[in-house]
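# Survey of secondary and tertiary structure
In case you want the letters, here they are:
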Amino acid sequence: MRTTVGIIGGGPAGLLLARLLHRAGIDCVVLESRTRAYVEQRQRAGMLEQGTVDALRECGAADRLETEGLVHHGIELRFDRERHHIDFPVLTGGRTVTIYAQTEIVKDLVALQLADGPPLFFEAEALAIENAVEEPGGDTPVVRFVHEGREQTLTCDYVVGCDGFHGIARDTIPAAVSRTYEHDYPYSWLGILADVPPSCEELIYARGKGGFALHSMRSTSVSRLYLQVPNGTDPDDWPDERIWDELDARFAIDGDWRLERGPITAKSVTSMRSHVHEPMRHGRLFLAGDAAHIVPPTGAKGLNLAVSDVRVLARGFAELHRSGSDQLLDRYSELCLDRVWQATRFSYDMTRMLHAQPDGDAFEDRMQLARLRRITASRAAAAELAVNYTGLPLPP
């Protein structure tokens, strides 16, 4: 096969990029190693920044989002048995966030692409990327992959790795030019899905005596909740009743509020890490989303960073297609990394502020409380959180 842009990975980053390129008149092919059923059921993020919602609208993938998405005007912080509302529109000049599960975004984008879009191949495992990181003027890039039991090749002008943290794209960039920055956190999240209406109208970030807890939702009938747990935790060690009891304790306030309980349909443990790879482009190979960066989920930035990456990248390819100029493509890594590092900082700060530190002492405990008190008492500090949470603007 031959195309202009070869995209490895059929998650939200790869699918959205393909949709944006298609609407700009640019040929591309998407290779996804998993089955369609797998990628459409894979549980991931659900909080969308304003810019992510705008991108889905721009590419015609927001019909269900408009009717089923839950618009939120803020979040609630809980600590010392108190509740504090952070009002996003007031603090940011009108910006909001929307709850709409990543699984639904993928379903919407897959349906669009299969009905009216560039080729999308499931169960197409990329084996190698050749000729993409050599000196300019060399051979044309080729992606070697296996599909339907035989090895095939995709020849393209550019390759975009949207294949996640464990994909092959990042490792294709020569070690001599690669720089990796990472931090592992000494705790994980136990996440559950429950068939019960949410007990709140907006997300609750709680700092309880036992550690951090988050109350989120996937719809008006499905709740998504998380508990801070030690690394290495086995979800089977947490029976349903124990989970609900611990959530009750961490969300507890002095006031009239009750956590609704219901059947738990899924449990999983997610480790926490920060990881940034520089550069995000070398030669004719570009990295986007988790292939280039990982953030802890506390700041809800993973999916949104991936979307901002591909929006910048699609704009660069559109400029090249329209005018022949590759100036924006040449600046892709620089433009994206500035936003990536700001999101990494924000996620790190939120994580450190809200989680019990296994090696922490009384001083660390008081510092966390002081940070929370500063946010809830100062409009400037609350605005800083709100601006970062709802999403920094794309680079000019």
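In this text the structure is predicted, and so the values were computed from the model without any measurement.

This model, assessed by the stated rule, comprises 31 salt bridges. The salt bridge partner of R19 is D116, with a shortest N-O separation of 4.0 Å. In this pair, R19 is assigned in helix α1 (residues 12–23) and D116 in the loop between α6 (102–115) and β8 (120–121), connecting sequence segments 97 residues apart. Among the ionic pairs, R373 bridges to E82, the shortest N-O distance being 2.8 Å. Here R373, found in helix α12 (residues 362–377), pairs with E82, found in strand β6 (residues 82–87); they are 291 residues apart in sequence, far enough to count as distant. Owing to a relative accessible area of 33%, R373 belongs among the partly exposed residues under this scheme. What makes E82 partly exposed here is its relative accessible area of 27%.

Among the residues examined, R19 registers a relative accessible area of 6% and is labelled buried. At a separation of 3.4 Å, a polar atom in the side chain of R19 contacts the main-chain carbonyl oxygen of C59. For R19, the residues in contact, after removing those within four places along its chain, are C59, L109, L112, D116 and G117.

Quick notes on the rules
- Residues numbered from 1 in each chain as written.
- Predicted model: local features only at pLDDT ≥ 70, side-chain atom pairs only at ≥ 80, totals over all residues.
- Heavy atoms only, no water.
- Salt bridge = Lys/Arg side-chain N within 4 Å of Asp/Glu carboxyl O.
- Helix = DSSP H or I, 4+ residues; strand = E, 2+ residues; numbered from the N terminus.
- Buried < 20%, exposed > 50% of the residue type's maximum accessible area, 1.4 Å probe, protein only.
- Polar contact = N/O pair within 3.5 Å; in protein donor to acceptor, adjacent residues only side chain to side chain.
- Contact = heavy atoms within 4.5 Å.

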